[in-house]
Amino acid sequence: GNIWRFPYMCYRNGGAAFMIPYVISITTLGYPLFVLETALGQGTGKSPVGALGTLCPRLKGLAWLGFSANACITCYYMVVLSWALKYLIASCTMGTPEFAIEGNAPYYFQHVMLDKRYFCTWPSKETSPPPDAERYDVRSVEWQDRDRAMEMGYSCENAGFLDEGSLNMEQVSLFLVVWGIVLSMVFMGTKSLKYSIYVTLPLPYVVIVIMFFRGVTLEGAGEGLKYYLTPKIDILFNDRQELNSQGEPTGKVLPAVNIWLSAASHIFYSLGLGQGMLITYSSYNPSHYPIQAN
């Protein structure tokens, strides 16, 4: 997740300027809390519930709260991983993948993967659609029908959870595969780590190298690097107008404090702070193992 989220957060929050609150956050929040949680796990040799309960029995509720949050995150994250698996399989097919065709990415995700539905209404009560034209306001419509309806003058919005239609069985099967992999690692316990590390350790570096050379060879890469490396300090302290993909103002004001909040939240996201995972991992270390060498 960090491989795509960090560049996205930089671009969204002013490029190089984002690095200032990021470095401050990782120094004042990230590293101290990382050491604190790791020390707590190593010192007690227990899970988050047991470790916090050792400090104070009343803190067990805090640990259970973190467990409940992780359970909720896992439920939706498995869906995201099933999407990634779908893209991986599609990328391995012969020829150009359907989602890689120029302009086809939104259609592939919204229609092929999600099979989203929309409700369309005619915006005016005084007029009606042409009598010889297809009506789009009598049922939920798919992605391509939504585009045709909007070209005719209809107003369309998401159908909602209860009207999304039937399940995408291919996506459901990939979802079950992802859950099967995760549950097998859970049942195997820490033994599974020695196998997964062969993938999780080198893969980020391989992907970063691929994305770097892919990025710097794209048209306009120089402008992107200039934006990324040239800080605009004023956006850290002054509110600014939101811009669309064409660089035009949308009328929405972005508070400067959002940049600082984004930096702090990304620290918690990237290091897994406050979720109990660091306490769990470090509980398998010897109690006097040097944290800075871990």
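See the structure shown above.
Quick look at the structure, then. (Residues numbered from 1 in each chain as written. Predicted model: local features only at pLDDT ≥ 70, side-chain atom pairs only at ≥ 80, totals over all residues. Heavy atoms only, no water.)

Next up on the list: the overall build of the chain. Along the chain, the regular secondary structure elements total 12 helices and 4 strands. Here the chain holds 294 residues, and 27% of them are scored as buried. For the chain, the share of sequence-separated contacts (at least 6 apart) that also reach a separation of at least 24 residues comes to 63%. Here the chain has roughly 19700 Å² of accessible surface; of this, 65% comes from carbon and sulfur atoms. (Helix = DSSP H or I, 4+ residues; strand = E, 2+ residues; numbered from the N terminus. Buried < 20%, exposed > 50% of the residue type's maximum accessible area, 1.4 Å probe, protein only. Contact = heavy atoms within 4.5 Å. Areas by Shrake-Rupley, 256 points an atom, 1.4 Å probe, with all protein chains shown as cover.)

This next bit is on the side chain of N13. Take N13: it is sitting in the loop between α1 (2-12) and α2 (19-44). Leaving out residues up to four positions away in the same chain, N13 has contacts with F18, I235, R240, N258, I259 and S262.

On the secondary structure map, E37 appears in helix α2. Beyond its immediate sequence surroundings of up to four residues, E37 is in contact with L273, G274, G276, L278, I279 and S282.

All right, on to the environment of Y269 then. Structurally, Y269 can be placed in helix α11 (residues 257-271). For Y269, a relative accessible area of 31% translates into the label partly exposed.

If you look at soluble globular proteins, the nonpolar side chains tend to sit buried side by side. Of all hydrophobic cores here, the largest spans 14 residues; its most connected members are F6, F18, Y22, I259 and I267. Elements with a minimum of two residues in this core: α1, α2 and α11. (Core = buried A, V, L, I, M, F, W, Y, C linked by side-chain atoms within 4.5 Å.)

No statement about biological role is implied by the geometric values presented.
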